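# Survey of secondary and tertiary structure
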Amino acid sequence: MWRGWHAIAPPIRPLFRRYVELGNKGARELGFRDTGAMWRSKYDMPPEAFPAEMDRLWNQVRPLYLSLHAYVRAKLREKYGDVVPASGPIPAHLLGNMWAQEWENIYPLVAPKDADPGYDLTAILKAKHTQPLDIVRYGEHFFTSLGFAPLPKTFWERSLFVKPRDREVVCHASAWDVDQADDVRIKTCIEITAEDFSTIHHELGHNFYQRAYDQQPFLFRDSANDGFHEAIGDTIALSVTPEYLQKIGLLESVPDSSKDLGLLLHKALEKIAFLPFALMIDKWRWQVFSGEIPPEKYNEAWWQLRLKYQGVAPPVERTEADFDPGAKYHVPANMPYARYFLADILQFQFHRALAQVAGDRLNAMLAMGLSEPWPRALEALTGQKEMDATAILDYFAPLKRWLDEQNSGKPVGW
Ligand code: ASP
Ligand code: SER
Ligand code: ZN
């Protein structure tokens, strides 16, 4: 009988420490200084230049994050009182997400007066008795409507879409290209929520990318860099607008443009709140791998970075008896995370460019696979060789103006 992980799993911190040693040993045998340097070596620039590139992009968006943070903090203070400081970090447990990484679950607490679009996709999907496979079909439909071929029969036969009743599986969503040809699959446990509606678009983005470059030589069958892979499905999902939901029969009437601000705020709670989180995860790991953060400081350094980048604080005192990074899937799973930061920036750059050009250019980039340095792949789609966060700022410009009005006279930053 299954007794739960706690019955068989030893504490994770000593295992993680050992994993760091072994990972570094392997990286050194491959000629890298440590695992972090190996991870940073995949961006067509010297590994030491990559963190500066991440910082450059973060500094472009940071003023928008500060505005959002200040607005949310003030709203949470109205609701919860002194537990939320007027000018300090936000307690991390109030943001509606286990890791305080995306904040859209608290949208109802912060919704702008008179600009709430007034629909809830989760409620609509549930009311329509949408089934897990229907969500996958909606996702596939978006891609086929752009001219991509439908997913193969084996995708539907071999993927894992729902949580099995009889065994434990890793439900964390992922997408697979099993035979480097047509056998693409996803593995996830779909729940009928707006969040999983986006997750499915995200995973299918991986599968359609995998199929687009399957004519490349073996070593080039990958995305231009790992941020590109993570960005494709999300780029598509940015077009899941009320107009689109109406088109596919999920929404009866489209809210008028006076409600755009609410939509933007909702998106910002997902996409802007996520950026400093996605940045700090690998800032932490890079320093762990290099030894700058020694094992005795794992947890302390984690919360220092959470404070510095996200402006969040733990709700109760943490010590080195805790190992909070271990609760984030990608950390024990040995999955680099900087890719999600890049994807958050790139998806807006792709989306803006796609609004100007169309499907042919997207396919030209995908079909290049890994055959060219990523700046060339980026250029094939966007006409730009550098990653550029002005797209994400353009997208949120009306919200930024409004946040600054809301914040006027109030402290911003911490
Ligand atoms: N969406 C999940 C996450 O990013 C898994 C994935 O990357 O496909 O962790
Ligand atoms: N899928 C990644 C995560 O769950 C990035 O959004 O953290
Ligand atoms: Zn992904």
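Our structure is the block above this text.
Right, let's walk through the structure included here. Because the structure is predicted, anything quoted here is derived from the model rather than measured.

Each helix and strand counted, the chain has 16 helices and four strands in total. Relative to its length of 414 residues, the chain is compact, with a C-alpha radius of gyration of 22 Å against a globular reference of 22 Å. With the C-alpha coordinates aligned to their principal axes, the bounding extent of the chain is approximately 60 × 55 × 55 Å. For the chain, the proportion of its 414 residues judged to be buried stands at 50%. In the chain, of all internal contacts separated by at least 6 residues, the share reaching a separation of at least 24 is 74%. Taking the 47 positively charged and 54 negatively charged side chains of the chain as two groups, their mean positions are separated by 3 Å.

Moving on, we come to the coordination of the zinc ion (ligand 3). The zinc ion (ligand 3) binds to the protein through H202 (NE2), H206 (NE2) and E230 (OE); the donor distances cover 2.0 to 2.1 Å. Each donor residue of the zinc ion (ligand 3) lies on the same chain, and together they follow the pattern H-x3-H-x23-E. With H206 in helix α8 (residues 194–212) and E230 in helix α9 (residues 226–237), this residue pair connects regions lying 24 residues apart in the sequence. Comparing H206 with E230, the two get one shared label, buried.

So, on to the site of ligand 2. With respect to spatial proximity, the complete set of residues near ligand 2 consists of Q101, E102, H172, F274, K328, H330, Y337 and Y340. Within the side chain of K328, one N or O atom sits 2.7 Å away from an oxygen atom of ligand 2. At a separation of 2.4 Å, an oxygen atom of ligand 2 approaches a polar side-chain atom of Y337. When its residues are assigned to classes, the shell around ligand 2 shows three nonpolar, three polar and two charged.

Here the focus is α9. An α-helical turn contains 3.6 residues, so a residue and the one three or four places further along point in the same direction. The element α9 is largely enclosed, with a buried count of twelve among its twelve residues. The set of residues buried in α9 consists of D226, G227, F228, H229, E230, A231, I232, G233, D234, T235, I236 and A237. Each element contacted by the buried residues of α9 is listed here: α6 (132–145), α8, α11 (260–290), α13 (338–356), α14 (359–367) and α15 (374–382). Two or three places before G227, at the start of α9, stands the capping residue N225, its side-chain oxygen 2.8 Å from that residue's backbone nitrogen.

As a structural note, the neighbourhood of ligand 1 is formed by H172, A173, H202, E203, H206, E230, H330 and Y340. Contacts to ligand 1 include H172, whose side-chain N or O atom sits 2.6 Å from an oxygen atom. Here an oxygen atom of ligand 1 and a side-chain polar atom of H202 are 3.3 Å apart. In isolation ligand 1 has 260 Å² of accessible area, and contact with the protein removes 83% of it.

Counting across every chain of the model gives 33 aromatic pairs. Centre to centre, the rings of F143 and F208 are 4.3 Å apart; their planes meet at 10°, and the pair counts as stacked. A residue pair is termed long-range when its members are at least 10 positions apart, and F143 in helix α6 and F208 in helix α8 qualify at 65 residues. Note on F143: relative accessible area 1%, which makes it buried.

Here we take up the environment of D177. Mapped onto the elements of the fold, D177 is located in strand β2 (residues 174–177). Note: C-alpha distance between D177 and L264 (87 residues apart in sequence) is 34 Å. Those residues in contact with D177 that lie beyond four places of it in its chain are D183, V184 and Q210. One polar contact links the side chain of D177 to the main-chain amide nitrogen of Q180, over a distance of 3.2 Å.

Here we come to the side chain of D34. Relative to the helices and strands, D34 resides in the loop between α1 (12–29) and α2 (35–39). It is R33 that comes nearest to the buried, bridge-free D34 among opposite-charge side chains, at 4.1 Å. Within the structure, D34 has its side chain in polar contact with the backbone nitrogen of G36 (distance 2.8 Å). Within the local environment of D34, its side chain forms a polar contact with the backbone nitrogen of A37, the two atoms lying 2.9 Å apart.

The next point concerns the packing of α14 against α15. Direction vectors running N to C along α14 and α15 enclose 170°, while the axes themselves pass 8 Å from each other. Between α14 and α15, the angle is such that the two are roughly antiparallel. Counted together, R361, L362 and M365 of α14 and A377, A380, L381 and T382 of α15 form the full contact between these two elements. Residue composition of the contact of α14 with α15, grouped by class: five nonpolar, one polar and one charged.

Turning our eyes to something else, we now look at the environment of R73. Mapped onto the elements, R73 comes out in helix α3 (residues 50–80). According to the relative accessible area criterion, R73 is buried, its value standing at 1%. Sequence-wise, R73 and L238 are 165 residues apart; in three dimensions their C-alpha atoms are separated by 26 Å. Residue contacts for R73: discarding those within four places in its chain leaves V84, P85, A86, S87, G88, I90, P411, V412, G413 and W414.

What follows concerns the pattern of salt bridges. Scanning the entire structure with this criterion turns up 25 salt bridges. Between D183 and R158 there is a salt bridge whose closest N-O contact spans 2.9 Å. Placement of D183 in the loop between β2 and β3 (184–187) and of R158 in helix α7 (residues 153–158) is noted, with a sequence separation of 25 residues between them. What makes D183 buried here is its relative accessible area of 8%. One network of salt bridges, with partners in common, ties together R158, D183 and R185.

Criteria and thresholds
Residues numbered from 1 in each chain as written. Chains lettered and ligands numbered in written order. Predicted model: local features only at pLDDT ≥ 70, side-chain atom pairs only at ≥ 80, totals over all residues. Heavy atoms only, no water. Helix = DSSP H or I, 4+ residues; strand = E, 2+ residues; numbered from the N terminus. Rg over C-alpha atoms; globule rule 2.2 N^0.38 Å. Buried < 20%, exposed > 50% of the residue type's maximum accessible area, 1.4 Å probe, protein only. Contact = heavy atoms within 4.5 Å. Lys, Arg positive; Asp, Glu negative; His and termini not counted. Charge placed at Lys NZ, Arg CZ, Asp CG, Glu CD. Donors = N, O, S within 2.8 Å, 3.2 Å for Na, K, Ca; no water. Near = heavy atom within 4 Å. Polar contact = N/O pair within 3.5 Å; in protein donor to acceptor, adjacent residues only side chain to side chain. Nonpolar A, V, L, I, M, F, W, Y, C, P; charged D, E, K, R; others polar. Areas by Shrake-Rupley, 256 points an atom, 1.4 Å probe, with all protein chains shown as cover. Phe/Tyr/Trp six-rings, centres within 6.5 Å; stacked < 30°, edge-to-face > 60°. Salt bridge = Lys/Arg side-chain N within 4 Å of Asp/Glu carboxyl O. Axes fitted to C-alpha atoms, helices over the stretch in contact; angles between N-to-C directions. Parallel < 35°, antiparallel > 145°, perpendicular 65-115°, else oblique.

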